[in-house]
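Read off the chains here:
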Amino acid sequence: MEILTWGTGGNSGTATYLTRSTTPELLINTKINSEWSGWKKLADLWFVENTLTVSDNLDLLPSGVRTIWSGETAQALGLPDNLMHTITTERWGLSAGIQTAKARGVTTVKVLRRQLLSGGWSAWKDVSPWYDTTALSSSDNLDDLTSGVRTVWSGTVAEALGLPAVALGVVTTVRWGASAAVQTYETRALEVATYKRALLSGGWTSWQKQGGNAGGGGTSVPVSKSSGFKTVPLSLTSGNGGSGNSPISASVAYPMNWNAPITRWRMVMRDGNPRFGIGKSNRITITDLRANGVSLLSSATTPGDGSFWMSPWFTGKPQGSLSFSYSAQLEPIAQVGGGTINGSAATSMPFEMWVEAEVPAYVPVIAVLGDSNSCGVGTSVPVHDSYLSVYCRRIGALPVHYSASGDSWAGWENPNQHKWTRWSHLDAVDAVLLMLGSNDMGSGTLEAAEAQRRFLAVAAIAEDLISPIMHVGLLKPRNTNVGNYEVVRRLHNTWLKTKPGNVRDWHDLNSPVSADDDNILPQYNADGTHMNTAGHQRLSDAIVKVISINGHTIASPNGTMFRLAVDNAGALSAVAA
């Protein structure tokens with residue numbers, strides 16, 4: 001049974017029911033002003049009268065399907081085209097109805113529609129684009145499509161068009177002039193999915209996957225592209241759990257070292273702390289901005305209201321270091337990050353800051369949702385020397401750091417926080433490594449069941465807002481633990497091996513740096529809680545299982561990249577990327 005309602009409180013509608021028998025019948029029940037009319041056979045209501053004549057009146061036709069066999073009759077009845085037609089009339093009493101006229105042309109079908117309202121019949125409107133399901137080809141441009149419905153007949157075409165899923169599907173475009181539009185892509189696959197994007201004043205947004213369960217309600221999530229280019233946030237700093245500040249003025253340099261092609265980039269910064277969503281009202285003057293030693297910008301001033309400043313786009317790949325001098329109204333909040341301040345090495349740097357990089361869509365992008373251990377606290381150059389950054393450089397991927405010193409599962413249970421949403425306007429990552437939990441257990445009083453509840457709550461949000469391809473890492477010990485920390489940690493690691501909450505796989509990031517599962521090995525120990533640079537290198541080497549990336553690209557343990565493709569017959573193949 002299918003029930004469709006509309007109007008205030010659903011006071012109008014239709015219900016249809018198809019019987020299951022050797023002679024199936026379709027029944028219909030109509031609801032007008034909250035009153036159902038009763039079930040009737042559709043065959044009694046709908047009929048084909050093969051000839052409308054010039055003496056008929058389209059305004060007075062009851063529900064049904066009729067044909068017009070000549071263009072002369074069509075024009076005599078008030079239709080604009082001198083063509084044969086099929087007329088479909090749907091009525092709800094005497095004062096409400098919809099009429100559709102399909103004109104049979106020489107090369108195409110023209111479709112007109114009008115409706116009966118309280119003021120009478122509206123003018124005929126051409127709705128042909130919504131019936132012309134033309135098949136798109138690889139040479140078409142989604143950005144330029146006019147309003148209408150088009151079909152995609154192969155994954156090859158979908159990939160060439162830059163659609164968010166390599167699958168057969170339907171593209172629907174609705175336009176309001178040349179600079180405003182909404183586009184929808186519905187896939188025909190084992191896992192049916194719907195994606196949307198919008199044309200705004202600044203251009204087309206990223207594709208957003210519709211549906212989800214973050215926070216218990218429907219959400220949309222950016223999705224990875226299969227062709228073209230995508231934009232990736234490459235962190236230079238991560239959130240800090242402390243309250244320290246950086247100098248009010250200084251010359252700073254941040255290391256940049258990414259093993260992937262970058263076509264263009266820009267710098268994004270503010271005086272803020274992403275862990276707490278703080279944006280400090282602090283106007284900052286920047287001078288002599290350089291990348292790779294090349295001068296890019298002589299001076300710039302950030303907004304003084306805590307919002308982000310973005311540099312112009314620069315072509316080419318930023319590599320080596322990003323340096324500039326700054327002066328601020330107030331001392332900037334210190335963040336986790338490595339670099340130099342006034343020429344001296346530092347493990348705490350000013351500004352919430354990242355490089356927004358445009359890269360080919362085939363480049364794998366892996367995120368980590370973690371704490372100080374994922375930021376690289378304890379290394380010589382935090383963030384840059386963190387195990388994820390090292391791992392991505394090894395396999396030719398790019399890292400995205402959803403991490404902050406001192407953070408916990410409990411700190412991520414609200415999906416509306418800035419740390420969840422600050423990159424929601426960018427393209428999605430391909431996989432995420434879930435690595436929080438150490439600080440939840442750090443009090444020594446957390447029970448194993450509560451640790452599992454927090455994990456599942458945040459994993460559900462991460463699946464919606466970061467990536468559905470989730471991996472976990474086993475948590476290492478602390479040399480200075482309290483209470484039941486180690487007992488709960490070991491129980492939690494055992495539970496993580498069951499791959500809870502739609503997790504795809506787990507990685508042993510514990511035993512490579514702890515021989516007894518009780519202490520960090522001396523050669524990898526920074527302070528009893530964090531690992532040193534060698535420890536992060538060891539964890540990077542320990543990621544030896546294949547991480548599936550977006551269903552299209554995989555990284556093997558030795559760093560070789562493969563592209564996965566599915567042909568029209570459904571056969572899977574892998575070729576070197």
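Scroll up to find the structure this text is about.
From a predicted model like this one, the values you see are computed outputs, not experimental measurements.

Turning our eyes to something else, we now look at the overall build of the protein chain. A tally of regular secondary structure across the protein chain gives 10 helices and 42 strands. Taking the intrachain contacts of the protein chain between residues at least 6 apart in sequence as the baseline, contacts between residues at least 24 apart amount to 57%. Summed over all atoms, the accessible surface of the protein chain reaches about 25400 Å², with 54% contributed by carbon and sulfur.

Right, let's get into the packing of helix α8 (residues 448–465) against helix α9 (residues 485–496). With their axes 9 Å apart at the nearest point, α8 and α9 run at an angle of 45° to one another. The pairing of α8 with α9 is recorded here as oblique in orientation. At the point where α8 passes α9, the crossing takes the right-handed sense. Here Ala-448, Ala-451, Gln-452, Phe-455 and Leu-456 of α8 come into contact with α9, specifically with Val-488, Leu-491, His-492, Trp-495 and Leu-496. Of the residues that constitute the contact of α8 with α9, the class distribution is eight nonpolar, two polar and no charged.

A few words on the environment of Pro-164. Here Pro-164 shows up in the loop between α3 (155–161) and β15 (168–175). Between the alpha carbons of Pro-164 and Ser-206 there is a distance of 9.2 Å; along the sequence they are 42 residues apart.

This part takes up a nonpolar patch on the surface. On the surface, a cluster of nonpolar side chains totalling about 260 Å² of accessible area is made up of Val-174, Trp-176 and Val-182. Within the secondary structure, Val-174 sits in strand β15.

The subject of this paragraph is the sheet that holds strand β27 (residues 294–301). The six strands lie next to each other as β27-β26-β30-β22-β31-β32, forming an open sheet whose pairing is antiparallel. Strands at the two margins of the open sheet, each flanked by one partner only, are β27 and β32 (344–350). Here the strands of the sheet are splayed against their neighbours by 35° on average, with no regard to which way each runs. Sheet topology places strand β26 (residues 284–291) next to strand β30 (residues 320–328); six bridges connect them, and they run antiparallel. When the bridges of β30 are listed, Ile-286 appears paired with Tyr-326.

As a further point, take the pairing of strand β22 (residues 249–256). Judged from the eight bridges that link them, β22 and β30 form a sheet pairing that is antiparallel. By the bridge assignment for β30, Ala-253 is matched with Ser-323. Taken together, the two bridges between β22 and strand β31 (residues 334–341) define a ladder with antiparallel strand orientation. Along β31, the bridge assignment pairs Ala-253 with Thr-340.

So, on to the packing of aromatic side chains. Two measures describe an aromatic ring pair: the distance that separates the ring centres and the angle between the ring planes. For the coordinates displayed, the defined rule picks out 10 aromatic pairs. Their ring planes at 90° and their centres at 5.5 Å tell us that Trp-354 and Trp-423 sit as a pair that is edge-to-face. Highlighted residues: Trp-354 in strand β33 (residues 352–360) and Trp-423 in the loop between α6 (418–421) and β36 (431–434), separated in sequence by 69 residues. Given a relative accessible area of 2%, Trp-354 falls into the buried group.

The next thing to look at is the pattern of salt bridges. This structure, assessed with the given rule, holds 19 salt bridges. Note that Asp-59 is salt-bridged to Arg-114, the shortest N-O span being 2.8 Å. Note that Asp-59 is positioned in the loop between β6 (48–49) and β7 (64–68) and Arg-114 in strand β10 (residues 109–117), a separation of 55 residues in sequence. A relative accessible area of 32% means that Asp-59 is categorised as partly exposed. For Asp-407, the salt bridge identified is with Lys-419, shortest N-O distance 2.9 Å. Separated by 12 residues along the polypeptide, Asp-407 in the loop between β35 (398–403) and α6 and Lys-419 in helix α6 bring together distant segments of the chain. Each of the salt bridges in this network shares a partner with another, and the network as a whole consists of Glu-413, Asp-440, Glu-450, Arg-453 and Arg-454.

Another point: the packing of helix α5 (residues 387–395) against helix α10 (residues 533–542). Packing of α5 against α10 brings their axes to within 8 Å, and their N-to-C directions diverge by 50°. By the criterion of interaxial angle, the relationship of α5 to α10 is oblique. Where α5 crosses over α10, the handedness of that crossing is right-handed. Facing α5, whose interface residues are Tyr-387, Val-390, Tyr-391 and Arg-394, α10 presents His-536, Gln-537, Leu-539, Ser-540 and Asp-541. Here the residues of the contact of α5 with α10 sort into four nonpolar, three polar and two charged.

With that settled, the discussion passes to the pairing of strand β8 (residues 84–91). Two faces, one strand: in a regular strand the side chains alternate between the faces of the sheet. Only one face of β8 is covered, namely the face carrying His-85, Ile-87, Thr-89 and Arg-91; the face carrying Met-84, Thr-86, Thr-88 and Glu-90 is uncovered. The pairing of β7 with β8 spans five bridges and is antiparallel. Opposite Ile-68, over in β8, you have His-85 as the bridge partner. Note that β8 and strand β9 (residues 97–104) share eight bridges and pair antiparallel. In the strand pairing of β9, Thr-88 is matched with Thr-100. Counting the residues that bridge the hairpin from β8 to β9 gives five residues, and of these Gly-93 lies at a positive phi of roughly 80°.

Turning our attention to α10. Of all the positions in α10, only Gly-535, His-536, Leu-539, Ser-540 and Ala-542 are classed as buried. Burial along α10 is one-sided: seen end-on, the buried residues are contained in an arc of 160°. Next to the buried residues of α10 lie α4 (372–375) and α5. For α10, the N-terminal cap is Asn-532; the gap from its side-chain oxygen to the backbone nitrogen of Ala-534 is 3.2 Å.

This part covers the sheet that holds strand β38 (residues 505–507). Here five strands make up an open sheet; going across it, the order is β35-β34-β36-β37-β38 and the pairing parallel. The open sheet has two free edges, formed respectively by β35 and β38, since each of these has just one partner strand. This sheet shows a mean twist of 25° between the axes of neighbouring strands, independent of strand direction. Direction of pairing for strand β34 (residues 365–370) relative to β35: parallel, over a ladder of six bridges. Bridging from a neighbouring strand, Leu-369 pairs with Tyr-402 of β35.

Our focus in this paragraph is the side chain of Lys-476. Among the structural elements, Lys-476 can be located in the loop between β37 (470–473) and α9. Within the buried core, Lys-476 has no salt-bridge partner, and the shortest N-O distance to an opposite charge, that of Asp-527, equals 7.1 Å. Within the local environment of Lys-476, its side chain forms a polar contact with the backbone oxygen of Thr-529, the two atoms lying 2.5 Å apart. With sequence-adjacent residues up to four places away left out, Lys-476 is seen in contact with Asn-373, Tyr-485, Arg-489, Leu-509, Asn-510, Val-513, Ile-520, Thr-529 and Met-531.

Definitions and cut-offs
- Counting starts from 1 at the beginning of each chain's written sequence and moves along it residue by residue.
- The model is predicted, so local features are restricted to residues of pLDDT at least 70 and side-chain atom pairs to those at 80 or more, both for listing and for counting; the totals for chains, interfaces and linings are taken over all residues.
- Only hydrogens and water are set aside when side-chain values are computed; all heavy atoms of the structure are taken into account.
- Runs of H or I in DSSP of at least four residues are treated as helices and runs of E of at least two as strands, each being numbered from the N terminus.
- We call two residues in contact whenever any of their non-hydrogen atoms come within 4.5 Å of each other.
- Accessibility throughout is a Shrake-Rupley quantity obtained with a 1.4 Å probe, and a residue counts as covered only by protein chains that appear here.
- Comment: axis = line fitted to C-alpha atoms, over the contacting stretch for helices; angle = value between 0 and 180 degrees taken between N-to-C directions.
- For this classification, under 35 degrees means roughly parallel, over 145 means roughly antiparallel, 65 to 115 means roughly perpendicular, and everything else is oblique.
- Whether a crossing is left-handed or right-handed is set by the direction in which the near helix is turned from the far one by less than a right angle, anticlockwise for left-handed and clockwise for right-handed.
- In this classification, the charged set is Asp, Glu, Lys and Arg, the nonpolar set is Ala, Val, Leu, Ile, Met, Phe, Trp, Tyr, Cys and Pro, and all remaining amino acids, among them Gly, are polar.
- Patches draw on residues past 30% relative accessible area with no salt bridge. Two like charges within 9 Å are joined, as are two nonpolar side chains (Val, Leu, Ile, Met, Phe, Trp, Tyr) within 5 Å.
- The working definition used for a salt bridge is a side-chain nitrogen of Lys or Arg within 4 Å of a carboxyl oxygen of Asp or Glu.
- The criterion for strand pairing is that DSSP finds at least two bridges linking the strands in question.
- Each pair of aromatic rings taken from Phe, Tyr and Trp, with Trp reduced to its six-membered ring, is defined by centres within 6.5 Å and is described as stacked if the planes are under 30 degrees apart, edge-to-face if over 60, and tilted in the remaining cases.
- Note on exposure labels: buried denotes an accessible area under 20% of the residue type's maximum, exposed denotes more than 50%, and partly exposed covers the range between, all computed with a 1.4 Å probe on protein chains only.
- Regarding the arc, it is the one traced by the directions from the helix axis to the C-beta atoms.
- Nitrogen and oxygen atoms within 3.5 Å of one another constitute a polar contact, given that in protein one can donate a hydrogen and the other can accept it, and given that sequence-neighbouring residues count only through two side-chain atoms.
- The convention is simple: Lys and Arg are positive, Asp and Glu are negative, and His and the chain ends are not counted.

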